[in-house]
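Fold and geometry: a report
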Amino acid sequence: MNLILIGGSSHVGKSTIAASLAATLRWTHVSTDSLARHPGRPWKRAPDKVSDGVAAHYLNLSVDELIEDVLHHYRVNVWPKIEAIIAAQSNDASTTGIVLEGSALWPEFATSLDFTKTAAIWLAASDELFRQRIHTNSQYASKSPRERRMIDKFLERTIVYNARMAEAVNRHGFTLLDVTDLDLAELTRMCLSTLGIDQVQDPIRRIPR
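Residues numbered from 1 in each chain as written. Predicted model: local features only at pLDDT ≥ 70, side-chain atom pairs only at ≥ 80, totals over all residues. Heavy atoms only, no water.

Digging into the packing of helix α2 (residues 52-60) against helix α5 (residues 145-171)
To describe two helices that pack against each other, one gives the angle between their axes and the distance between the axes. Orientation of α2 relative to α5, taken along the N-to-C sense of each, is 65°, at an axis distance of 9 Å. At the point where α2 passes α5, the crossing takes the left-handed sense. Contact residues: α2 offers Ala55, Tyr58 and Leu59, while α5 offers Arg146, Arg149, Met150, Lys153, Phe154 and Arg157. By residue class, the composition of the contact of α2 with α5 is five nonpolar, no polar and four charged. (Axes fitted to C-alpha atoms, helices over the stretch in contact; angles between N-to-C directions. Helix = DSSP H or I, 4+ residues; strand = E, 2+ residues; numbered from the N terminus. Left-handed = near helix turned anticlockwise from the far one by under 90°. Contact = heavy atoms within 4.5 Å. Nonpolar A, V, L, I, M, F, W, Y, C, P; charged D, E, K, R; others polar.)

Shown next as structure tokens:
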């Protein structure tokens, strides 16, 4: 096994934990965000401004429409590239391991994967943790009413996405970890333990169960 998938909603901490796991295992960290573009976060650091297209995306679509739009993007534009990465890793055990993370790792897409060769964990969090992180990252208090409406819609989408993802993970019997009360060191250890990985070994191996 030389590939770990880390899924979850925006701001749940996928990049942070993936970077920690990759450093621990001496693997490569890859984000699905690099595979295809889609309207991202509806805020910018001054003096940059959110484009008209991104603003219209969040202001004009309902939360359900936003989720359907991003899932369509993941399904059509991102998942085929993820499958290619998975196939390449599965067929060449000599390559450096990859920790691949991103919201595009939707549970329904993963049902056909061979989990004897690929490991996967989805991260979830409380609504309040998402609210705190998104408000802090976006500098919400300093934004105009229009900008706040976009951020509010992004937050709503994030919370609904998180709930629907968690339901799908549980329905398919995949692994779900709630990160709400965990610091990075605890979460890294928990991920490795849940995956049955002994990080002391080089190359790594599954811990016998």
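Regarding unusual backbone geometry
Of note, the phi angle at His11 is positive, near 70°, even though the residue is not glycine. For His11, the position within the fold is in the loop between β1 (3-8) and α1 (14-25). Judged by relative accessible area, which is 13%, His11 ranks as buried. (Buried < 20%, exposed > 50% of the residue type's maximum accessible area, 1.4 Å probe, protein only.)

Concerning α2
Regarding α2, the residues found buried are Val54, Ala55, His57 and Tyr58. For α2, the angular spread of the buried residues around the axis is 155°, confining them to a single face. In α2, the exposed positions that point more than 90 degrees away from the buried face belong to Asp52, Gly53 and Asn60. Elements that come into contact with the buried residues of α2 comprise α3 (63-91) and α5. (Arc of directions from axis to C-beta.)

Here's the deal with the environment of Ala36
Relative to the helices and strands, Ala36 is located in the loop between β2 (28-31) and α2. Note: C-alpha distance between Ala36 and Asp69 (33 residues apart in sequence) is 14 Å. Contact partners of Ala36, with chain neighbours within four places excluded, come to His73, Asn77, Val78 and Lys81.

Considerations on the nonpolar core
Judged by nonpolar contacts, the single largest core of 36 residues is most densely connected at Ile4, Ile6 and Leu123. Mapped onto this core, the elements with two or more residues apiece are β1, α1, α2, β4 (119-124), α4 (127-138), α5 and α6 (184-195). Those residues within four positions of Ile6 in sequence are excluded, and the remaining contacts are Lys14, Ile17, Leu21, Val99, Leu100, Glu101, Gly102, Leu105, Ile121 and Leu123. The next biggest cluster of nonpolar side chains, apart from the first, holds 30 residues, and it includes Leu35, Val78, Trp106 and Leu113. (Core = buried A, V, L, I, M, F, W, Y, C linked by side-chain atoms within 4.5 Å.)

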